[in-house]
Amino acid sequence: MEINIKKDILIEALQLIINISHKSTTEPIINHVFFETFDNRLLTIKATNYDNSFSGDFEAEIINPGKICLNTSKLYNLVREFSDSKIQIKTTPQNWVFIINGNTKIMLPGIEPDQFPLIDFLELDNPLNIPSSLIKDSIDRTFFSIGENESRRNLMGLNLHFIKPNQICWQGADAFRISHDITEVKGENYQGNIIIPKKSLIEIKKILEYHNNDLQISFNENIFQINAGNIRFKTRLIEAAFPNLENIINSEGPIGIKINRKELINSLKILYRISDDDLNSVVKLTISNGKVLLESQKLEFGEGNDVILCDYEGEEISIGVNIKFFLDGLQVFDNSSDKQINIKIKDSLSPIILKNEEWGNYKTILMPVKIKW
Amino acid sequence: MISSFQKPVRKIIHLDMDAFFASVEIKDNPELKGLPVVVGGSPTSRSVVCAASYQAREFGIHSAMPCSKARQLCPEAVFIFPRFERYQEISLMIHEVFLGYTDLVEPVSLDEAWLDVTNNKVNCPSASLLAEKIKEDIRLLTGLSSSAGVSYNKFLAKIASDEKKPDGLFVISPKNALQFLKTIPVKKLPGVGKVTFERLRELKIEFGYQLFEQSSEFLRQHFGKFGNVMHDLIRGIDDRPVMSHRERKSVGIENTFETDILYGNELKAELNRLLSGLTRRIAKLGKKGRTLTLKIKFMDFTQITRSVTDDKFFDNDVLLATIAHQKLFEVCQKEFPFKKVRLIGLGVSNFEGQKKIRNENIQLEIFPFIIQPENLFTSLHLQKPVI
């Protein structure tokens, strides 16, 4: 094999797979990237860790067709240091790889390309065409709440659920919070309810950022696939049932306040600074006519409070919230142009709901902290 | 000069009951009034004095002195066996008085406490007036007298309370603190015991003004970290806050024998007696420790401690007993055979969750809302008629 490829293109491609190619493993072949020339104008790049698999076609000048496997992180770190914009890659029959950049010449050992595991993408029924921004938004809005506790496997991923033939419900949840969004898609007769692992979402997001256009997704009970222009990706799914959260999601409390989101975030950040990280830092919100009082717990390492104006009129109510969770939930709305946030409360022990006007169907649900102060 | 950049001046009261145990006994047995009363064990035993009334003190009797010596000093003294439950009861009453003025109360022992009255419940700006009132309240409630020290930190308040005993009140204001500190003997500083005092004396430092002249480098060189502490204290600096909830860091029990014992069945039996007392105390505290300390005092008053720290918390008495006996064997049979033992003590420390502050906040979970949604959300609509 002998090819010329632009440094920018190679770096971009390697960035998409650097985390898929495992660094430490008993199986050295999967910390390698697979190169193969294709159609005399493209270089096919493949990587896999069996859970996630990637295949992409990138522009290159093919001088001699062929294929090779190279250590991914070694190659990536080298290419990043290169100064010339053109990279030449040549292989010998003994699987030595010469990499030439300007006056720099590198020789690396490669691995017999036939040892690379076969990556087969499936032709699944009923693929869905969808704008990449739609999936990206849904991931951005739910990622923070997706669980990481191994003992609750069904919460360790993003739930994609067709609640109607043309409506996807996206949900992320851990033991203490939920984020929930509903988006409409074109077409009809879609169905399914899957859980995409949190780890794979990071790789998927990279692809969505790279391919900022319409793409095709398809899935069955075991895998989820993306077909994004020159890139194909698949991930294994979490084979479990996502809990039914409908009740908690539809349990909007009667007390509603509208408050400036930036001001609220600022106050919380200040109170978070006072708190000790060992403890779960808690803020007490006391909502009364026209204002919200935010108080930190009074502890040896200090205390603080703040007042923010709001539109509330009614009986005074107090509720405790984990500051970190509260901030996570509020900061998701950073991408929204709506300056206000709506907070819905029932009582001090029932779920709190965060939403705004602009994002209509999206909401975050936080469980309060029971406090005795 | 106090500039506005400095921390606001605190108002601390140190309150110390006068000859507490002895005063309680006299209060409960009025016929003892005016007599030299000594609370402690029998004068024929080897126990020590827990408290002595002021009349007894005139004979030179003081706490921690062997009772036999007290008898020598004052043959007519009345010896009373201590009733700790009664003292605790009265101590609680006094604590209630404190709480009427401030929540920031740090008890030191049954008869001593620090109070931070900077912001007090009666909005009284004068700490000395408050101290006067607290003393009066205690007298009305218990009939006992106390001594109070008032100042702007814990250390000075404590020194002040010692200044005008009994039934005294002494104030050290920020203005006269330095002057006062220069006149006190360094022995009075907290942390300065026999050894430190000897070394200070060798360095020709016996009074506050002599200590004041030393640089912090000099003191650190001779006394390590404690040098820094002394350097601060003699300048009236002590930022320790009054801690209203102090966690218990260890539980211990010890016993001095009637006669010194060699290692053997009798000593093992004494250890077993201590072990059962210790496990009772641990159970009462409701915590598990990881470190067991054995203390042994020999007939020549040399003292040895041995500690064992386990990876796990001691959660059964058998394990504690095994380790204690093992250590006793090592010390008394292997290291110091044929040396009679005067006292043994056992202690457990390193309690679980010791560093953490008890957090009463409970983060609620979503699960109850998923598993039993009817109960929490639609209970109003689903209520079944009672038949």
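Rules used throughout
- Residues numbered from 1 in each chain as written.
- Chains lettered and ligands numbered in written order.
- Predicted model: local features only at pLDDT ≥ 70, side-chain atom pairs only at ≥ 80, totals over all residues.
- Heavy atoms only, no water.
- Helix = DSSP H or I, 4+ residues; strand = E, 2+ residues; numbered from the N terminus.
- Buried < 20%, exposed > 50% of the residue type's maximum accessible area, 1.4 Å probe, protein only.
- Contact = heavy atoms within 4.5 Å.
- Areas by Shrake-Rupley, 256 points an atom, 1.4 Å probe, with all protein chains shown as cover.
- Pairing = 2+ DSSP bridges.
- Axes fitted to C-alpha atoms, helices over the stretch in contact; angles between N-to-C directions.
- Buried area = accessible area lost by both parts, 1.4 Å probe.
- Salt bridge = Lys/Arg side-chain N within 4 Å of Asp/Glu carboxyl O.
- Polar contact = N/O pair within 3.5 Å; in protein donor to acceptor, adjacent residues only side chain to side chain.
- Nonpolar A, V, L, I, M, F, W, Y, C, P; charged D, E, K, R; others polar.
- Left-handed = near helix turned anticlockwise from the far one by under 90°.
- Phe/Tyr/Trp six-rings, centres within 6.5 Å; stacked < 30°, edge-to-face > 60°.
- Lys NZ or Arg CZ within 6 Å of the ring centre and 35° of its normal.
- Expected span 1.5 Å × (residues − 1).

1. Quick word on the overall build of chain A
- Within chain A, the regular secondary structure consists of 7 helices and 26 strands.
- Taken across its 373 residues, chain A has 54% of its residues classed as buried.
- Taking contacts inside chain A between residues at least 6 apart in sequence as the whole, the part at least 24 apart equals 66%.
- Here chain A has roughly 17,600 Å² of accessible surface; of this, 44% comes from carbon and sulfur atoms.

2. Focus on the sheet that holds strand β9 (residues 250-261) of chain B
Residue and element names in this part refer to chain B.
- Pairing is antiparallel across the open sheet formed by 4 strands, whose spatial order is β9-β12-β10-β11. Lying at the two open borders of the sheet, with one neighbouring strand each, are β9 and β11 (303-309). Taken over all neighbouring pairs, the strand axes of this sheet differ in orientation by 15° on average, direction set aside.
- Of the strand pairs in this sheet, strand β10 (residues 289-298) and strand β12 (residues 341-351) are connected by 9 bridges, and their pairing is antiparallel. Residue pairing in the sheet places lysine 295 in a bridge with glycine 345 of β12.
- Contacts from helix α12 (residues 265-285) reach β9, β10 and β12 within the one sheet, and its direction differs from that of β9 by about 160°.
- Where helix α13 (residues 317-335) meets the sheet, its contacts fall on β10, β11 and β12, and the angle it forms with β10 comes to roughly 30°.

3. Regarding the pairing of strand β20 (residues 291-296) of chain A
All names here are of chain A.
- The pairing of strand β19 (residues 282-288) with β20 spans 6 bridges and is classified as antiparallel. What sits directly across from valine 283, in β20, is serine 296.
- With antiparallel pairing between neighbouring strands as the criterion, β19 and β20 make up a hairpin whose turn holds 2 residues, including glycine 290 at a positive phi of roughly 80°.
- Pairing of β20 with strand β21 (residues 305-309), which is carried by 5 bridges, proceeds in the antiparallel orientation. What sits directly across from leucine 293, in β21, is valine 307.

4. Considering the interface of chain B and chain A
- Taken together, the 17 residues of chain B in the interface contact 33 residues of chain A.
- For the pair chain B and chain A, the two sides together bury roughly 2,100 Å², of which 65% comes from carbon and sulfur.
- For the pair chain B and chain A, the number of links is 0 salt bridges.
- At the surface where chain B touches chain A, the tally comes to 5 residue pairs in polar contact (both at pLDDT 80 or more).
- Secondary-structure elements contributing two or more residues to the side of chain B that touches chain A are β13 (362-363), α14 (367-371) and α15 (373-377) of chain B.
- In terms of residue class, the side of chain B that touches chain A is built from 11 nonpolar, 4 polar and 2 charged.

5. Quick look at the pattern of salt bridges
Residues and elements named next belong to chain A.
- Here the structure, examined in full by the defined rule, presents 37 salt bridges over all chains.
- Lysine 136 serves as the salt-bridge partner of aspartate 140, at 3.2 Å between the closest nitrogen and oxygen. Here aspartate 140 pairs with lysine 136, and both are found in helix α3 (residues 132-142), just 4 residues apart, close to one helical turn.
- Looking at aspartate 140, the relative accessible area reads 22%, which means it is partly exposed.

6. A closer look at the sheet that holds strand β17 (residues 231-236) of chain A
All names here are of chain A.
- Here 8 strands make up an open sheet; going across it, the order is β6-β2-β3-β4-β17-β16-β15-β10 and the pairing antiparallel. Two strands close off the open sheet at either side, each with one partner strand: β6 (67-71) and β10 (128-131). Neighbour-to-neighbour, the strand axes of the sheet open up by a mean angle of 20°, direction not taken into account.
- Across the sheet, helix α2 (residues 72-81) is in contact with β2 (32-38) and β6; its angle to β6 comes to roughly 85°.

7. Details of the packing of helix α1 (residues 7-17) of chain A against α2(A)
Residues and elements named next belong to chain A.
- Running from amino to carboxyl end, α1 crosses α2 at an angle of 145°, the nearest separation of the two axes being 10 Å. Seen from above, α1 lies across α2 with left-handed handedness. On α2, the residues touching Lys7, Leu10, Ile11, Leu14, Gln15 and Ile17 of α1 are Thr72, Leu75, Tyr76, Val79 and Arg80.
- For the contact of α1 with α2, a count of residues per class yields 7 nonpolar, 2 polar and 2 charged.

8. Comments concerning unusual backbone geometry
- The omega torsion across Lys165(B) and Pro166(B) is -10°, close enough to zero to call that bond cis.
- Here Pro166(B) lies in the loop between α6 (154-161) and β8 (169-171).
- For Tyr50(A), which is not glycine, the phi dihedral falls at a positive 75°.
- Along the chain, Tyr50(A) turns up in the loop between β3 (42-48) and β4 (52-59).

9. What to know about the packing of α3(A) against helix α4 (residues 198-210) of chain A
Residue and element names in this part refer to chain A.
- Remark: α3 packs on α4, axes separated minimally by 10 Å, with the N-to-C direction vectors making an angle of 145°. The handedness of the crossing between α3 and α4 is left-handed. Only Leu201, Ile204, Lys205, Leu208 and Glu209 of α4 make contact with α3, whose side of the interface consists of Ser132, Ile135, Lys136, Ile139 and Asp140.
- Per-class residue counts for the contact of α3 with α4 are 5 nonpolar, 1 polar and 4 charged.

10. Focus: the side chain of Ser336(A)
- Relative to the elements of secondary structure, Ser336(A) occurs in the loop between α7 (323-331) and β23 (340-345).
- Discounting chain neighbours no more than four positions away, the residues touching Ser336(A) are Asn356(A), Glu358(A) and Trp359(A).

11. Considering the packing of aromatic side chains
- Enumeration according to the criterion identifies 16 aromatic pairs over all chains in this entry.
- Between Phe170(B) and Phe180(B), the aromatic rings sit 5.5 Å apart at their centres with planes inclined by 45°, giving tilted as the arrangement. Of the two residues, Phe170(B) sits in strand β8 while Phe180(B) sits in helix α7 (residues 177-183), which places them 10 residues apart along the sequence.
- With a relative accessible area of 17%, Phe170(B) lands in the buried category.
- Owing to a relative accessible area of 12%, Phe180(B) belongs among the buried residues under this scheme.
- Each residue in the set Phe20(B), Phe21(B), Phe84(B) and Tyr87(B) is aromatic and connected to the rest through ring pairs, giving one cluster.
- The positively charged end of Arg141(A) is found above the aromatic ring belonging to Trp359(A), 3.7 Å away from the centroid.
- Here Arg57(B) stacks its cationic end above the ring of Tyr54(B), 4.5 Å away from the centre of that ring.

12. A look at α13(B)
Residues and elements named next belong to chain B.
- Given a rise of 1.5 Å per residue, 19 residues ought to cover 27 Å, and the 26 Å separating the end C-alpha atoms of α13 matches this to within 8%.
- When we look at burial in α13, the residues that qualify are Leu320, Ile323, Ala324, Lys327, Leu328, Val331 and Cys332.
- Tucked inside the fold, the buried residues of α13 contact α12, β10, β11 and β12.

13. Concerning the pairing of strand β22 (residues 317-322) of chain A
Residue and element names in this part refer to chain A.
- Among the 6 residues in β22, 5 count as buried, and that is most of the element.
- Bridge count between β19 and β22: 6 bridges; the pairing is antiparallel. Across the sheet, lysine 284 pairs through a bridge with glycine 320, a residue of β22.

14. Remarks on the environment of Thr256(B)
All names here are of chain B.
- You can see threonine 256 is positioned in strand β9.
- Overall, threonine 256 belongs to the partly exposed group, its relative accessible area being 29%.
- Apart from residues no more than four positions distant in its own chain, threonine 256 is found in contact with Arg46, Arg342 and Leu343.

15. Looking at α3(A)
- Among the residues of α3(A), those classed as buried are Ser132(A), Leu134(A), Ile135(A), Ser138(A), Ile139(A), Arg141(A) and Thr142(A).
- For α3(A), the secondary structure elements touched by its buried residues are β10, β11 (157-164), β12 (167-173), β13 (177-184), α4 and β15 (214-219) of chain A.

16. Examining the environment of Asp232(B)
- As for its position among the elements, Asp232(B) is in helix α11 (residues 225-233).
- Taking the C-alpha atoms as reference points, Asp232(B) and Phe212(B), separated by 20 residues in sequence, lie 9.4 Å from one another.

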